[in-house]
Each structure stands twice: as structure tokens, then as C-alpha cells.
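Structural characterization, general
As a plain string of letters, each chain reads:
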Amino acid sequence: MTTDPATILDLPKPAWVADDVAMLYDMARRFMAEEIAPRYDEFEKNEMVDRASWEKAGAAGLLCASMPEEFGGSGGTYAHESAIIEAIGHGGVDGFGIVLHNAIVAPYILHYGSEEQKKTWLPKLATGELIGAIAMTEPGAGSDLQGIKTRAEKDGNQYRINGSKTFITNGQHANLIVVVTKTDPAQGAKGTSLIVVETDGAEGFERGRNLDKIGLKANDTSELFFNDVRVPTANLLGHEQGQGFVQLMQQLPQERLLIGGQAIAMIERALAVTIDYVKERKAFGKPILDFQNTQFKLAELKTEATIGRVFYNDCVGRHIAGGLDPATASMAKYWLTDLQGKVVDECLQLFGGYGYMNEYPIARMFRDARVQRIYGGTNEIMKLLIARSL
């Protein structure tokens, strides 16, 4: 690929892309190109990225970039996380699950953890010694966080956790899991609590199978089972029980924004590989780019991608300033992932029959893009959340 996804839209850098953010992006792109991309087919076949690669990412400063330096992080902001998200998407290694680890799991500990919890867990998340996951979804609940049934009952100075979770990203590797539980089922949403489970040596904790997905094959996604798993009451996030639903609602805007970041990065890569292809591939004696249909279609896609990038950049700026509201984050997640599906599909069409061949990167993008409209709250749920703001 000669066209760079990072420059395909010819837009000026937003204010939040300072020199250190740009340098981190460049370093992350090199890391993905040198350490992950050459083995990515192997990771897809094994259906997980190996732990050694996680540890290399930690050594390179790509884990917990937005966590404070005092807790082992790099002291950055979401701008730095966005640089890593985009480096992964532009590099075509979307199944490397460090984004969730960095920008979803670690922030729960930073924002709600005690000083002792932060000192204990964050430095190990920054090195890759601990790999993080968040266990929300259950077989019967889906996007309905209020409908979870996993119980955590106090037993002296411990919690006994019972229940099951599914579709858990990093589920095979994770050894630090933020578990969404019901500590008081009679209280509904107010009876929800977040409890951290360190899985190494935890009796009663079991990993189910590594789920066979349509796409994102390199990202291990699992069922998890908690059978009288005992953890100290000190592993509760927050000063008291019942804060979990509020904590989730406070952090979900960042999760939805990062999914939007994944979407725009893949959109840019899809355009880059497609433009290269239509310049080189010939049909009826001339390059495919010379046909007016191709020109018009790519003009439409580049225009929509530009709108999406400007919207995403604005959302990131607002988020860094503390002003990204849940409705706008939901708009970013829903609209950008819908656009991602459209752009990748239209780009695949321009490849013709070759677009359906797994050896072409557009085919992998087509598979990987589909889940974006489902996880982090389905796009239908996003529309409900937006409607409530009307």
C-alpha cells in the first residue's frame, strides 16, 4: 500500500494532536508494522495475540498511555489513546485488544479505585503483566445492563461471586477482570456494583471456549464462569456498594468514542487500499479509476469520511475538555460505525471478485467491521439514548 491512511483525507491536524501525540502515533504505527503485522495471520489462526506481544507493547509505552506516571502510565490523555487506536486501525491489526485494556479497563480503576488499588493494579496493567477485561454482557441480558444476574454476596470480608458472562474481549488472556455484579438485586440498577477479580489462582473461576467469531479473529473473546469465586471486599470499586450503574454510565461515553475512533481509522485504511487498487487494476483496457462510476463513488466516500473525521476530531476535543455528553458520544458510535460498514462494503465492491478473497485486506476489513455496530451498546440502543435528549 502506497497511500497512507493517515493522510488520505488531507485535513489539518486538530488542536489536540500535539507533537507528543503525533510522535506516539508514529511510534505505534512502527510497532504495529514491525511487531504485530508480520505475525497477524498467525494470531488470526490462533485466535489470539500472544502474551509476549502484550509485554512488548507495555515495554514500548503502548499500554496505559493515559494513566498517571505515578501509577506506571505515560501521563497522557485520551488524545494519546486515540493515537494508538488509529495506529492499530491504519496498520490493519484491529484484533489486538490493547484498546479495551487501555481506554476502558484502566480508567475504571483510575477513576473509582482506592489509592491502594491503583498502586497495586495500574503498574502491572502498564507492563502487560496484567491483561484487563470488563465482564458486562451475559447470555440473557445483552445490552440490558440492568438485567444482569451475576451475584456478589458478602461473606465476612469477602464477596462470593456467582454467574456467567459472554462475549468478553481479551477473555482468554485477561487476569484482571472488572465484573459487573448485583450486590442487591432488590434495588435494580442501584444494586449494581463493579468488583475486580484477579483470576490467577482464583478457585471457582473458569474460562469457557474462545468464541468462534465472524471477524476480529485475532482478538480472544470468551465465556467466563464464576462459581463461588471469592475475592476480598477490598476489590469493590468505589467507597460503597451500589455505585456500579452510575460508574458504567460515566465511562461508557469514552468507550463509545473509542469505537468511533476504530471506525474512522478503518474507513481511512479502506479508502487508501481501494484507491491504490483502482489505480493499478485494469478493466476493458484502462484503470478502474478512469471509469466515472469509480470516480463518483470514491468522491462520495471521501466526502462522507471527511465529515466523519471532522466529527470524531471534534468529539475528542470535547472529551479531553470534559464536555462530551452521552448523547453526542452515542451519535459518534452509531453514525461512524454505520458509515464504516457502508464505506468498507462499497470499497469491497470496487475490488470486484478479488474483494471476496481473504488474501485481500478489504475482505478482512469487511468481516472485522460488522461487530462495531453491536458491541459497546448496539446502534439501536444508541438511537434510544439520543432520542432521550430530544
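For the structure itself, look to the data block above.
An account of the accompanying structure is given in this report. The shown structure was predicted, so the numbers you read here are calculated from the model rather than taken from an experiment.

**Considering the nonpolar core**
By size, the foremost hydrophobic cluster in this structure holds 97 residues, and its most contacted members are Met32, Phe96, Tyr108, Ile134, Leu271 and Ile362. In terms of residues, this core owes the most to one element, helix H7 (residues 244–280), which gives 16 residues. The contact partners of phenylalanine 96, leaving out residues within four places of it in the chain, are Phe31, Met32, Ile36, Tyr40, Val49, Ser53, Trp54, Ala57 and Ile88. Core analysis: the second largest hydrophobic core is formed by 18 residues, Ala152, Ile161, Phe226 and Val229 among them.

**Some remarks on helix H1 (residues 19–36)**
Taking 1.5 Å per residue, 18 residues should reach 26 Å; H1 reaches 25 Å between its end C-alpha atoms and fits that length. Those residues of H1 that fall on the buried side of the exposure criterion are Val21, Leu24, Tyr25, Ala28, Phe31, Met32 and Ile36. What you see down the axis of H1 is that its buried residues fit within an arc of 130°, all on one side. Pointing more than 90 degrees away from the buried face of H1 are the exposed residues Asp19, Met23 and Glu34. Turning to H1, the residues buried within the fold contact helix H2 (40–46), helix H3 (51–59), helix H4 (78–91) and helix H5 (98–112).

**Let's talk about the pattern of salt bridges**
Here the structure, examined in full by the defined rule, presents 25 salt bridges. With its nearest N and O atoms 2.8 Å apart, the salt bridge here joins arginine 309 to glutamate 268. Of this pair, arginine 309 sits in helix H8 (residues 292–320) while glutamate 268 sits in helix H7, placing them 41 residues apart in sequence. The class of arginine 309 is buried, set by a relative accessible area of 7%.

**Points about a nonpolar patch on the surface**
Residues Tyr354, Tyr356 and Met357 make up a contiguous nonpolar surface patch of roughly 350 Å² in combined accessible area. Residue placement: methionine 357 occurs in the loop between helix H9 (326–350) and helix H10 (361–369).

**A few points about unusual backbone geometry**
A positive phi angle, close to 60°, is found at phenylalanine 167, a residue other than glycine. The residue phenylalanine 167 is located in strand E3 (residues 158–169) in this model. With a phi close to 55°, phenylalanine 284 is a non-glycine residue in the positive phi region. For phenylalanine 284, the location among the structural elements is in the loop between strand E8 (282–283) and strand E9 (286–287).

Quick notes on the rules
- Residues numbered from 1 in each chain as written.
- Predicted model: local features only at pLDDT ≥ 70, side-chain atom pairs only at ≥ 80, totals over all residues.
- Heavy atoms only, no water.
- Core = buried A, V, L, I, M, F, W, Y, C linked by side-chain atoms within 4.5 Å.
- Buried < 20%, exposed > 50% of the residue type's maximum accessible area, 1.4 Å probe, protein only.
- Helix = DSSP H or I, 4+ residues; strand = E, 2+ residues; numbered from the N terminus.
- Contact = heavy atoms within 4.5 Å.
- Expected span 1.5 Å × (residues − 1).
- Arc of directions from axis to C-beta.
- Salt bridge = Lys/Arg side-chain N within 4 Å of Asp/Glu carboxyl O.
- Patch = residues over 30% accessible without salt bridge, like charges linked within 9 Å, V, L, I, M, F, W, Y side chains within 5 Å.
- Areas by Shrake-Rupley, 256 points an atom, 1.4 Å probe, with all protein chains shown as cover.

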